[in-house]
Amino acid sequence: DVKVTQSSRYLVKRTGEKVFLECVQDMDHENMFWYRQDPGLGLRLIYFSYDVKMKEKGDIPEGYSVSREKKERFSLILESASTNQTSMYLCATRGTGGHYGYTFGSGTRLTVV
Amino acid sequence: GQQLNQSPQSMFIQEGEDVSMNCTSSSIFNTWLWYKQEPGEGPVLLIALYKAGELTSNGRLTAQFGITRKDSFLNISASIPSDVGIYFCAGRKETSGSRLTFGEGTQLTVNP
């Protein structure tokens, strides 16, 4: 089975800090995604990547950027954290072929104070 | 933006009861998926559906791909306490590549 590892389960950061959320997968999947999860809003796509150095904006990219220098690693960057970015962040991957289901990491709960 | 309407938002049921939830959209989807998220974990895929009218089971769970391709349903029979969690529907359009659209989720609570 694919394993998707998010580097931190819980993070507390201060307003204005630059924050890095890391996601690593071990199955050579081409597609990687970053979502944020908020009560009543479901999962909203921030950015995704279908190959190394490739990135596409999702539905809510403002205030975020991403980096994919290696196939197995997809990083989400909050350039200047704000309190409205307090949320659960989920990384997901999908390979080509087969079913279209994603494999998710366990999530990072970020609190910005 | 969000294009899937999932209902109900939450359910409180007694152990042994059956559960139904659904997802609707104004758009046509080629694939429907159902996920379950347990507390402190990421969502896990339960069932994937690929054809209009398809009915697929996974143990006590049964999901259907609506005939209009604009909706999907998930039923859980004889609920047990470990069914607790958030259930998400997700859909994929033909033109969206690997990108999925998720519903808002249904929070299920099962009382023993």
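The preceding data block contains the structure.
Visitor: Describe in detail the interface of chain A and chain B, supporting the description with residues and values.
Guide: Counting residues at the interface gives 23 residues for chain A, matched by 22 residues for chain B. Summing both sides of the interface, chain A and chain B together bury roughly 1800 Å²; the carbon and sulfur share of this comes to 52%. Summed over the three residues of chain A that lose the most area to chain B, namely Leu-43, Tyr-100 and Tyr-102 of chain A, the buried surface amounts to 31% of that side. Inspection of the chain A/chain B interface yields two salt bridges. As a salt-bridge pair, Arg-99 of chain B and Asp-59 of chain A come within 2.5 Å of each other at their nearest N and O atoms. For the pair chain A and chain B, the number of links is nine residue pairs in polar contact (both at pLDDT 80 or more). Elements with a minimum of two residues in the side of chain A that touches chain B: strand S4 (31-38), strand S5 (42-49) and strand S9 (87-94) of chain A. In terms of residue class, the side of chain A that touches chain B is made up of ten nonpolar, nine polar and four charged.

Visitor: Which residues make up the packing of aromatic side chains, and what are the values?
Guide: For the structure shown, the criterion picks out 13 aromatic pairs over all chains. On the numbers, 6.2 Å between centres and 50° between planes, the contact of Tyr-35 of chain A with Phe-104 of chain A is tilted. Of this pair, Tyr-35 of chain A sits in strand S4 while Phe-104 of chain A sits in strand S10 (residues 103-104), and the two are 69 residues apart along the sequence. By the burial criterion, Tyr-35 of chain A is buried, and Phe-104 of chain A matches it. An angle of 55° between the planes, with centres 5.1 Å apart, marks the rings of Phe-29 of chain B and Trp-32 of chain B as tilted. Assessed through its relative accessible area of 0%, Trp-32 of chain B is described here as buried.

Visitor: Tell me what's going on with the pattern of salt bridges, and back it up with residues and numbers.
Guide: Tallied over the entire structure, the rule returns eleven salt bridges over all chains. When the shortest N-O distance is used, the salt bridge between Glu-41 of chain B and Arg-9 of chain A registers 3.9 Å. In this pair, Glu-41 of chain B is assigned in the loop between strand S4 (31-37) and strand S5 (44-49) and Arg-9 of chain A in the loop between strand S1 (4-6) and strand S2 (10-13), connecting two distinct chains. For Arg-9 of chain A, a relative accessible area of 37% gives the class partly exposed. A salt bridge links Arg-60 of chain B to Asp-83 of chain B; the nearest nitrogen and oxygen atoms lie 2.8 Å apart. Highlighted residues: Arg-60 of chain B in the loop between strand S6 (55-58) and strand S7 (61-65) and Asp-83 of chain B in the loop between strand S8 (71-76) and strand S9 (85-92), separated in sequence by 23 residues. Each of Asp-28, Glu-30 and Lys-71 of chain A takes part in salt bridges that share partners, so that together they form one network.

Visitor: Can you break down the pairing of S4 of chain B residue by residue, with the values?
Guide: Residues and elements named next belong to chain B. Here S4 lies mainly inside the structure; seven of its seven residues are buried. Because side chains alternate across S4, one face comprises the buried residues Thr-31, Leu-33, Tyr-35 and Gln-37, and the other comprises Trp-32, Trp-34 and Lys-36, equally buried. Examined bridge by bridge, S4 and S9 share seven bridges and lie antiparallel to one another. Along S9, the bridge assignment pairs Thr-31 with Arg-92. Relative to S5, S4 runs antiparallel, the two being bridged by five bridges. Its bridge partner lying in S5, Leu-33 is registered against Ala-48. In this structure, the hairpin formed by S4 and S5 is closed by a connection of six residues, where Gly-40 is found at a positive phi of approximately 80°.

Visitor: Would you mind going over the sheet that holds S7 of chain B in detail, with residue names and values included?
Guide: All names here are of chain B. An order of S1-S3-S8-S7-S6 is seen for the five strands of this open sheet, with the pairing classed as antiparallel. Every interior strand has two partners, whereas the edge strands, strand S1 (5-7) and S6, have only one. On average, each strand axis in the sheet is inclined to that of its neighbour by 15°, with strand direction left out of account. Here six bridges tie strand S3 (residues 19-24) to S8, and the two strands are oriented antiparallel to one another. Paired with Val-19 across the two strands is Ile-76, which belongs to S8.

Visitor: I'd love a proper account of the environment of Gln-37 of chain B, names of residues and values included.
Guide: Position of Gln-37 of chain B relative to the elements: it lies in strand S4. Spatially, the C-alpha atoms of Gln-37 of chain B and Gln-107 of chain B are 9.4 Å apart, while their sequence positions differ by 70 residues. Apart from the residues within four sequence positions on either side, Gln-37 of chain B is in contact with Gln-37 and Leu-90 of chain A together with Gly-42, Pro-43, Gly-85, Ile-86 and Phe-88 of chain B. Within polar-contact distance, the side chain of Gln-37 of chain B engages the backbone oxygen of Glu-41 of chain B at 2.9 Å.

The rules behind each value
- Residues numbered from 1 in each chain as written.
- Chains lettered and ligands numbered in written order.
- Predicted model: local features only at pLDDT ≥ 70, side-chain atom pairs only at ≥ 80, totals over all residues.
- Heavy atoms only, no water.
- Contact = heavy atoms within 4.5 Å.
- Buried area = accessible area lost by both parts, 1.4 Å probe.
- Salt bridge = Lys/Arg side-chain N within 4 Å of Asp/Glu carboxyl O.
- Polar contact = N/O pair within 3.5 Å; in protein donor to acceptor, adjacent residues only side chain to side chain.
- Helix = DSSP H or I, 4+ residues; strand = E, 2+ residues; numbered from the N terminus.
- Nonpolar A, V, L, I, M, F, W, Y, C, P; charged D, E, K, R; others polar.
- Phe/Tyr/Trp six-rings, centres within 6.5 Å; stacked < 30°, edge-to-face > 60°.
- Buried < 20%, exposed > 50% of the residue type's maximum accessible area, 1.4 Å probe, protein only.
- Pairing = 2+ DSSP bridges.
- Axes fitted to C-alpha atoms, helices over the stretch in contact; angles between N-to-C directions.

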